[in-house]
Amino acid sequence: MASEKRYPIGSASIVMVFVAVCLTALSSLSLVSAKADLKLSEKTAQAVNAYYEADAKAAREVNAAEGDAVKLEQMGWQRQEGTLQKEFPLDDRQALRVTLAALTLEVEEWRVVITKEWVGDDSLDVWVP
């Protein structure tokens, strides 16, 4: 009788292949997650940088006026109802709005405002009652 040569795969080999596939999938997911985190971190850094640049510019202008409202108006500040106001752009949708009392030049408002209205995408009928 001729003897048959068998090459047993065995359960250990099947487990090793399964582990290799799992590690490959997890490493791919980890790489995608790391890239997404990097993009988010870069966008956040840009937003923070833009805010602090606008904040510093506003502070420089207020300090340069030395308590004189006329100097602020010459720098482009708008007089509105007893206040002086100016917006310092952060990006295409936001600005830092600074409002000062016209007489005392005390800060009344120093905050980020939306300058461009959000427009939703209605091209798909997602919900049709």
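To be clear, the structure that these remarks concern was listed above.
Residues numbered from 1 in each chain as written. Predicted model: local features only at pLDDT ≥ 70, side-chain atom pairs only at ≥ 80, totals over all residues. Heavy atoms only, no water.

**Details of the overall build of the protein**
Logical step 1: Assigned secondary structure in the protein consists of 2 helices and 4 strands.
Logical step 2: Reading the protein from its N end, one meets helices and strands in the order α-α-β-β-β-β.
Logical step 3: Relative to the globule expectation of 14 Å for 129 residues, the C-alpha radius of gyration of the protein, 31 Å, shows a markedly less compact shape.
Logical step 4: Its C-alpha atoms give the protein principal-axis dimensions of about 110 × 45 × 20 Å.
Logical step 5: Evaluated residue by residue, the protein yields a buried proportion of 19% over its 129 residues.
Logical step 6: Restricting to contacts in the protein with at least 6 residues of sequence separation, those with at least 24 account for 27%.
Logical step 7: Within the structure as shown, the protein displays about 10,800 Å² of accessible surface, and the carbon and sulfur contribution to it stands at 59%.
Logical step 8: Treating the 14 positive side-chain charges of the protein as one cloud and the 20 negative ones as another, the clouds have centres 10 Å apart. (Helix = DSSP H or I, 4+ residues; strand = E, 2+ residues; numbered from the N terminus. Rg over C-alpha atoms; globule rule 2.2 N^0.38 Å. Buried < 20%, exposed > 50% of the residue type's maximum accessible area, 1.4 Å probe, protein only. Contact = heavy atoms within 4.5 Å. Areas by Shrake-Rupley, 256 points an atom, 1.4 Å probe, with all protein chains shown as cover. Lys, Arg positive; Asp, Glu negative; His and termini not counted. Charge placed at Lys NZ, Arg CZ, Asp CG, Glu CD.)

**A word on the side chain of Glu61**
Logical step 1: Tracing the backbone through its elements, the reader meets Glu61 in helix H1 (residues 10-65).
Logical step 2: The contact partners of Glu61, leaving out residues within four places of it in the chain, are Leu72, Met75, Trp77, Lys86 and Phe88.

**Overview of the sheet that holds strand E1 (residues 78-80)**
Logical step 1: Reading across the sheet, the 4 strands line up as E1-E2-E3-E4 and stay open at both edges, with antiparallel pairing between neighbours. In this open sheet, the two strands that pair with only one neighbour each are E1 and strand E4 (107-114). Strand after strand, the sheet turns through a mean of 25 degrees between neighbouring axes, direction not considered. (Pairing = 2+ DSSP bridges. Axes fitted to C-alpha atoms, helices over the stretch in contact; angles between N-to-C directions.)

**A word on the environment of Leu124**
Logical step 1: Along the chain, Leu124 falls in the segment after E4.
Logical step 2: A relative accessible area of 66% means that Leu124 is categorised as exposed.
Logical step 3: Each C-alpha atom, one on Leu124 and one on Phe18, is 41 Å from the other, the two residues being 106 residues apart in sequence.

**Some details on the packing of aromatic side chains**
Logical step 1: A full pass over the atoms with the stated rule returns 2 aromatic pairs.
Logical step 2: Judged by centre distance (5.1 Å) and plane angle (80 degrees), the ring pair of Tyr51 and Tyr52 falls under edge-to-face.
Logical step 3: Ring geometry for Trp77 and Phe88: centres 6.0 Å apart, planes at 70 degrees, overall edge-to-face. A residue pair is termed long-range when its members are at least 10 positions apart, and Trp77 in the loop between helix H2 (69-74) and E1 and Phe88 in strand E2 (residues 83-89) qualify at 11 residues. Grouping residues by exposure puts Trp77 and Phe88 together as buried. (Phe/Tyr/Trp six-rings, centres within 6.5 Å; stacked < 30°, edge-to-face > 60°.)

**Remarks on the pairing of strand E3 (residues 94-101)**
Logical step 1: Most of E3 is tucked away: 6 of the 8 residues are buried.
Logical step 2: Alignment of E2 against E3, held across 7 bridges, turns out to be antiparallel. Counterpart to Gln85 in the pairing with E3 is Thr99.
Logical step 3: Linking E2 to E3, which pair antiparallel, is a turn of 4 residues.
Logical step 4: Taking the residues between adjacent antiparallel strands as the criterion, E3 and E4 are bridged by 5 residues, where Leu105 takes a positive phi near 60 degrees.

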